[in-house]
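Per-entry structural report
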Amino acid sequence: MGIINASDFNLKATIESGQLFRHSYDSRSGFYAVIAGDSVARLRQEGDKLQYDCSNSDFGVATFFGLNHSYGELIKSISKDEKITAAINRHYGLRILQQSPWECTASFIISSFSNIPRIRQCIGKVAAAFGDSIEFDGIRDFSFPQPQQISNFSKLKKCGLGYRAKYLFETAKVFGSGNYEYSLPQMRKLSYAEAKEKMMRLPGVGEKVADCILLFSYGFLEAFPVDVWIQRAMLGNYGSEINSFAAGRKPSEKVVAGFARSYFGEYAGYAQQFLYHDARTSPRISRAAPVPLP
DNA sequence: CACCAGGTACTGT
DNA sequence: ACAGTACATGGT
């Protein structure tokens, strides 16, 4: 069992903010389990201490959880107004992860136009169908398959991905091709705009998914993915500013993303993740049928 | 049955 | 470049 000092860190918010899909929480022990690649990590936070135990000794916990980011600096940088500051304060310690490019790309291709429970289910089916059986500390599961392992299209179609199956299959071929054009070091040589253009060449990767991958895996912290939640939150919080920025154009997701990157700056992705998690966790208007009055 | 879910690809203008 | 539209699947 390792222990590292993790100040300015919120394990729960980081794991539960929709950046990764293969995790679970054991309320009896207080430990989270995260599956990444072929590694299983069990983690628990108590104050500034992060306890962890990994199946794989080369799994870099600190890097994976973004603990190398200069938190004070980036928080100061994105704290532009009271709206974002309130979201930061509600989830202080939330970190942007650095996941493996292939697993992150595959996961967010699967995520598009879907919902989180089903995304988790689909990824689990892909792992069970193509991954290797893994076992650690009582946790039995499957590794996330290497791209080369996803070699049977009809089997992939049975994982419930719908029309995304062919996107994932084609993208697996690219990642498994043996050249390293989508590797972390190669991609880090590019500018944000170049890296995004490159990601969007992959089938099933559009503006939003590309930004998720650039942010959650390649470390482009200026990436600002705009999904329906962020679009609503941004128009609600910054409607008039966005309309000025749009200069007559429709405030599309692309316009909102452009506004956000110029407004929040080089760590805009962190602002996005605070807003997203805040929107997801804030009390929502119940859609339940009204209770009749006595 | 309609509607929604961390959108993307394709088409026509 | 931008607006419209189809798209697999499963839950409410």
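Residues numbered from 1 in each chain as written. Chains lettered and ligands numbered in written order. Predicted model: local features only at pLDDT ≥ 70, side-chain atom pairs only at ≥ 80, totals over all residues. Heavy atoms only, no water.

A few points about the protein's contact with DNA strand C
All residues in the neighbourhood of DNA strand C are listed as Phe-113, Arg-118, Gly-160, Gly-162, Tyr-163, Arg-164, Arg-249 and Lys-250. Here the atoms of DNA strand C within 4 Å of the protein split so that 52% fall in sugar or phosphate, with bases taking the remainder. One of the side-chain nitrogen or oxygen atoms of Arg-118 is found 3.0 Å away from a base oxygen of DNA strand C. In the environment of DNA strand C, a sugar or linking oxygen lies 3.2 Å from a nitrogen or oxygen atom belonging to the backbone of Tyr-163. A per-class count over the surface near DNA strand C returns two nonpolar, two polar and four charged. (Near = heavy atom within 4 Å. Polar contact = N/O pair within 3.5 Å; in protein donor to acceptor, adjacent residues only side chain to side chain. Nonpolar A, V, L, I, M, F, W, Y, C, P; charged D, E, K, R; others polar.)

Overview of the protein's contact with DNA strand B
Taken together, 29 residues form the shell around DNA strand B, and within it Ser-114, Asn-115, Ile-116, Gly-204 and Gln-272 come nearest. Here a base oxygen of DNA strand B sits 3.0 Å away from a polar atom, N or O, in the main chain of Gly-18. In this structure, Lys-208 approaches DNA strand B through a main-chain N or O atom, which is 3.4 Å from a phosphate oxygen. When residues of the surface near DNA strand B are traced back to their parent elements, those giving at least two are helix H11 (207-216), helix H12 (228-246) and helix H14 (268-281). Among the residues forming the surface near DNA strand B, the class breakdown is 14 nonpolar, eleven polar and four charged. (Helix = DSSP H or I, 4+ residues; strand = E, 2+ residues; numbered from the N terminus.)

Focus: the environment of Gly-265
Secondary-structure assignment places Gly-265 in the loop between helix H13 (253-264) and H14. As for Gly-265 and Asp-81, which are separated by 184 residues in sequence, their C-alpha atoms are 13 Å apart.

A short note on helix H4 (residues 82-90)
Every buried residue of H4 is listed here: Ile-84, Ala-87 and Ile-88. Buried residues of H4, seen end-on, are gathered within an arc of 100° and therefore sit on one face of the element. Across H4 from its buried face, at more than 90 degrees, point the exposed residues Glu-82, Asn-89 and Arg-90. Among the structural elements, helix H3 (71-78), H12, H13 and H14 are those in contact with the buried residues of H4. Where H4 begins, the capping side chain belongs to Asp-81, and its oxygen is found 2.7 Å from the backbone nitrogen of Lys-83. (Buried < 20%, exposed > 50% of the residue type's maximum accessible area, 1.4 Å probe, protein only. Arc of directions from axis to C-beta. Contact = heavy atoms within 4.5 Å.)

What to know about the pairing of strand S6 (residues 133-136)
Where burial is concerned, the two faces of S6 differ: the one with Ile-134 and Phe-136 is buried and the one with Ser-133 and Glu-135 is not. Where S6 and strand S7 (residues 139-142) come together, four bridges link them in antiparallel fashion. The residue bridging Phe-136 from the neighbouring strand is Ile-139, located in S7. (Pairing = 2+ DSSP bridges.)

Thoughts on the packing of helix H5 (residues 101-111) against helix H6 (residues 116-130)
Running from amino to carboxyl end, H5 crosses H6 at an angle of 130°, the nearest separation of the two axes being 9 Å. With respect to their mutual orientation, H5 and H6 come out oblique. Classified by chirality, the crossing of H6 by H5 is right-handed. Here Ser-107, Ile-110 and Ser-111 of H5 lie close against H6, whose contacting residues are Ile-119, Cys-122, Ile-123 and Val-126. For the contact of H5 with H6, the per-class residue count stands at five nonpolar, two polar and no charged. (Axes fitted to C-alpha atoms, helices over the stretch in contact; angles between N-to-C directions. Parallel < 35°, antiparallel > 145°, perpendicular 65-115°, else oblique. Left-handed = near helix turned anticlockwise from the far one by under 90°.)

Comments concerning the nonpolar core
Within the largest apolar cluster, 72 residues are counted, with the highest numbers of intra-cluster contacts made by Met-199, Met-234, Phe-264 and Phe-274. Mapping this core onto the domain boundaries places at least three of its residues in each of domain 2 (101-216) and domain 3 (228-286). Not counting chain neighbours up to four residues away, the residues in contact with Met-234 comprise Phe-224, Gly-239, Ile-242, Val-256, Phe-259, Ala-260, Phe-264 and Leu-275. Ranked by size, the runner-up nonpolar core spans 18 residues in total, among them Leu-11, Cys-54, Phe-64 and Leu-97. (Core = buried A, V, L, I, M, F, W, Y, C linked by side-chain atoms within 4.5 Å. Domains from an automatic or database assignment.)

Description of the domain arrangement of chain A
Partitioning chain A into structural domains gives domain 1 (2-68), domain 2 (101-216) and domain 3 (228-286). The centre of domain 1, based on its C-alpha atoms, is set 28 Å off from the matching centre of domain 3. In this assembly, six residues from domain 1 lie in contact with four residues from domain 3. Of all residues in domain 1, Ala-13, Ser-17 and Gln-19 give up the largest surface area on contact with domain 3, accounting jointly for 72% of the area buried on that side. (Buried area = accessible area lost by both parts, 1.4 Å probe.)

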